[in-house]
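Below are the chains, spelled out letter by letter.
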Amino acid sequence: MATKEKTVFFCKSCGNESPKWFGKCPACGEWNTCVEEKEVRGKKTEDRRQPTDAVPMPIQAIKNAEEQRIVLPYEELNRVLGGGLVLGSLVLVGGEPGIGKSTLLLQTALQLTDKRVLYISGEESANQIKMRADRVGIHNDQCLVLTETDTQAILKHVKEVQPDLVVVDSIQTLSSPYVDATAGTVTQIRETAAEMNRIAKGFQVPVFLIGHITKDGSIAGPKILEHIVDTVLQFEGDRHYGFRILRTIKNRFGSASELGIFEMNANGLREVTNPSEFLLSQRDEEVSGIAIAATIEGQRPMLIETQALVSTAAYGTPQRSGTGFDIRRMNMLLAVLEKRAGFRLNMKDVFLNIAGGIRSDDPAIDLSVVAAVLSSNADIPIDSRYAFAAEVGLSGEIRAVTRIDSRIAEADKLGFEKIFISKYNAKGLDTRRFHIEVVPVATIIDLVTQLFG
Ligand code: TYD
Ligand code: MG
């Protein structure tokens, strides 16, 4: 049968298909994401769709089967997967180029000495992979390396090898002989991901798919992938710092708000199991503009350092910049300080930084940001044994945050002496089990009095 060829337009961001070119995607609203691709609909594709022998059955008759999981060598990785890797699951690991995706999965593959792992790479040569394995210094005879990009060839090898785990680096290099498009196009990504999913489900083997993400944060080609795969993990961090955060974005087999932390060293990635101790900078003398926030990232309490620098604006328009913190939120907090507490910050440059290249959007960090700004403005240091955990409202009121117990407990565990929280959180809180002194604050003015007298 002759194949029919037609041109279609896809949105690179969400995969929306359109017969006409568009400037703004009608589905996701993104601009300039339109790509033109040839779509081939022919016999081959139809042939592969085979009916299964599934029959309808009453829901009550379905047995609750516990998913079987492989426990991976890294606790941080198990955590984000919801307690290990489910057999037959397809896991997308997204991240910007150079963040350490290949390193993470190669290390994991090499550590699994009692499992047969098939590491498929279309990005690097076998030699490069060997060099990386030598660099991380783990030896494993069970790990097989395959440099292949054709999905049907991969299927053949999986059939032969019968691996316990498959790693594919990366989805953007794969191509399926069933569709006539170059690797990395929306058509190919969609097709190859679906084929990898069939491999995962058919052989009940877990498959890790590496995917590069574009600058705007969407996995290239990508939102299309999010609904095909079972789990989406995002590897992120500032390349100039060693810390890497692995976040769960979606998980069919566990919570979608987990987080794992790694550190990139000269010989590979290392897990960070006690993040607070790493994120707090060691300082001998007290400096102004630093406050410690007791945040919850994912499910984990973590102490992070917020640093502010407030100085008289050198030019007419004051500069405001923030690293790791939403700049609009910072402007809002500065406006609150101005309006509700009378601090004249409108002619000041304000720079804000979260130490360690970490990004946080926990509202509980507000109080610490405000404290750091006030401290820098007055040039009075805050005691390094004080921590903060509360949201700041528009009227200058200090608002309650979730899981206050865990936050206090974490600060307590690390030997902090005082933690400032909202008075609404303090109500009914049993503070006797903590050594740390819990200081309830009601408003920003209240905070200023408590901190600077
Ligand atoms: P890589 O895993 O290749 O990133 P990705 O697959 O996400 O593109 O990691 C690349 C970076 O990590 C590279 O800049 C070098 C650095 N790196 C180390 O610092 N230490 C190491 O042991 C390794 C293997 C890489
Ligand atoms: Mg790579």
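Worth saying up front: this structure is predicted, and the values here are computed from it rather than measured.

Thresholds applied
Residues numbered from 1 in each chain as written. Chains lettered and ligands numbered in written order. Predicted model: local features only at pLDDT ≥ 70, side-chain atom pairs only at ≥ 80, totals over all residues. Heavy atoms only, no water. Domains from an automatic or database assignment. Near = heavy atom within 4 Å. Polar contact = N/O pair within 3.5 Å; in protein donor to acceptor, adjacent residues only side chain to side chain. Areas by Shrake-Rupley, 256 points an atom, 1.4 Å probe, with all protein chains shown as cover. Helix = DSSP H or I, 4+ residues; strand = E, 2+ residues; numbered from the N terminus. Nonpolar A, V, L, I, M, F, W, Y, C, P; charged D, E, K, R; others polar. Salt bridge = Lys/Arg side-chain N within 4 Å of Asp/Glu carboxyl O. Buried < 20%, exposed > 50% of the residue type's maximum accessible area, 1.4 Å probe, protein only. Pairing = 2+ DSSP bridges. Axes fitted to C-alpha atoms, helices over the stretch in contact; angles between N-to-C directions. Contact = heavy atoms within 4.5 Å. Expected span 1.5 Å × (residues − 1). Core = buried A, V, L, I, M, F, W, Y, C linked by side-chain atoms within 4.5 Å. Arc of directions from axis to C-beta.

S.K.: Which residues make up the domain arrangement of the chain, and what values go with them?
M.R.: Each domain of the chain was delimited in the assignment, giving domain 1 (4–41), domain 2 (68–273) and domain 3 (278–452). Placing a centre on the C-alpha atoms of domain 1 and another on those of domain 3 gives a separation of 45 Å.

S.K.: Which residues make up the site of ligand 1, and what values go with them?
M.R.: Ligand 1 sits among 15 residues. The nearest are Gly98, Ser102, Thr103, Asn265 and Gly268. Between ligand 1 and the protein, one listed contact pairs an oxygen atom with a side-chain N or O atom of Arg132 at 3.0 Å. Here ligand 1 loses 76% of its free accessible area of 560 Å² to cover by the protein chains. Sorting the residues of the shell around ligand 1 by element identifies helix 3 (101–111), helix 4 (126–136) and strand 13 (259–265) as the ones contributing at least two each. Examining the composition of the shell around ligand 1, we find that 3 residues originate from one element, helix 3, more than from any other. Taken together, the residues that form the shell around ligand 1 break down as 4 nonpolar, 7 polar and 4 charged.

S.K.: A description of the pattern of salt bridges should follow, citing residues and the corresponding values.
M.R.: Overall, the coordinates contain 22 salt bridges when judged by the stated rule. Taking the shortest distance from any N to any O, the salt bridge between Arg407 and Asp362 comes out at 2.8 Å. With Arg407 in helix 11 (residues 404–413) and Asp362 in the loop between strand 18 (348–354) and helix 10 (366–378), the pair connects residues that are 45 residues apart, well separated along the chain. Among the ionic pairs, Asp405 bridges to Arg433, the shortest N-O distance being 2.3 Å. Here the residue Asp405 occupies a position in helix 11, and Arg433 occupies one in the loop between helix 12 (423–426) and strand 23 (437–441), the gap between them amounting to 28 residues. Take Asp405: its relative accessible area is 34%, and that puts it in the partly exposed class.

S.K.: Provide a residue-level description of the sheet that holds strand 17 (residues 320–323), including the pertinent values.
M.R.: Here we have 7 strands laid out as an open sheet, ordered 17-18-16-15-19-22-23, and mixed in their pairing. The two strands at the open ends of the sheet, each matched to only one other strand, are strand 17 and strand 23. Across the sheet, the mean angle from the axis of one strand to that of its neighbour is 25°, orientation sign disregarded. Looking at chain direction, strand 17 and strand 18 are connected through 4 bridges and run parallel. What sits directly across from Thr323, in strand 18, is Asn353. On the sheet, helix 10 packs against strand 15 (290–297), strand 16 (300–312), strand 18, strand 19 (386–389), strand 22 (418–422) and strand 23 and is oriented at approximately 30° with respect to strand 16.

S.K.: Please set out the pairing of strand 15 residue by residue, giving values where relevant.
M.R.: Of all 8 residues that make up strand 15, 8 are buried, and the element is covered over most of its length. Here strand 15 shows two buried faces, one formed by Ile290, Ile292, Ala294 and Ile296 and the other by Ala291, Ala293, Thr295 and Glu297. Bridge analysis of strand 15 against strand 16 gives 8 bridges, and the strand direction is antiparallel. Note that in strand 16 the partner of Glu297 across the bridge is Arg300. Remark: 2 residues form the turn of the hairpin made by strand 15 and strand 16, two consecutive strands paired antiparallel; Gly298 in that turn has positive phi of roughly 65°. With 2 bridges connecting them, strand 15 and strand 19 associate as parallel partners. Counterpart to Ile292 in the pairing with strand 19 is Ala387.

S.K.: Describe helix 10, listing the residues and the values that go with them.
M.R.: The end-to-end C-alpha distance of helix 10 is 18 Å, a good match for the 18 Å that 13 residues give at a rise of 1.5 Å each. Most of helix 10 is tucked away, with 11 of its 13 residues classed as buried. Of all the positions in helix 10, only Asp366, Leu367, Ser368, Val369, Val370, Ala371, Ala372, Val373, Leu374, Ser375 and Ser376 are classed as buried. Looking one or two residues past helix 10, Asp379 carries a phi angle of roughly 55°, positive in sign.

S.K.: Run through the nonpolar core, naming residues and quoting values.
M.R.: Counting residues in hydrophobic clusters, the biggest one holds 43 residues, and the most contacted among them are Leu367, Val373, Phe388 and Phe420. Here this core gets 7 residues from one element, more than from any other, and that element is helix 10. When residues are assigned to domains, this core turns out to be shared by domain 2 (68–273) and domain 3 (278–452), each giving three or more. Leaving out residues up to four positions away in the same chain, Phe420 has contacts with Leu367, Tyr386, Ala387, Phe388, Ala389, Val439, Val441, Leu447, Gln450 and Leu451. Core analysis: the second largest hydrophobic core is formed by 32 residues, Ile70, Ile99, Leu233 and Phe262 among them.

S.K.: Describe helix 9 (residues 327–341), listing the residues and the values that go with them.
M.R.: Counting along an α-helix, one turn takes 3.6 residues, and residues three or four places apart therefore face a common direction. For helix 9, with 15 residues, the first-to-last C-alpha span of 20 Å sits near the 21 Å given by 1.5 Å per residue. Among all positions of helix 9, only Met330, Leu333, Leu334, Val336 and Leu337 are buried. For helix 9, the buried positions fall inside an angular range of 155° around the axis, keeping them on one side. Residues Arg328 and Lys339 are exposed on helix 9 and point more than 90 degrees away from its buried face. Among the structural elements, strand 17, strand 18, helix 10, strand 20 (391–392) and helix 13 (444–452) are those in contact with the buried residues of helix 9. The residue sitting at the N-terminus of helix 9 and contributing the capping side-chain oxygen is Asp326; that oxygen lies 3.2 Å from the backbone nitrogen of Arg328.

S.K.: Describe the environment of Leu333, naming the residues involved and giving the relevant values.
M.R.: Mapped onto the fold, Leu333 is located in helix 9. Given a relative accessible area of 2%, Leu333 falls into the buried group. On a C-alpha basis, the gap between Leu333 and Ser368 in space is 11 Å, while along the polypeptide they are 35 residues apart. Each residue touching Leu333, except ones within four places of it in the same chain, is listed here: Phe325, Asp366, Val369, Val370 and Val392.

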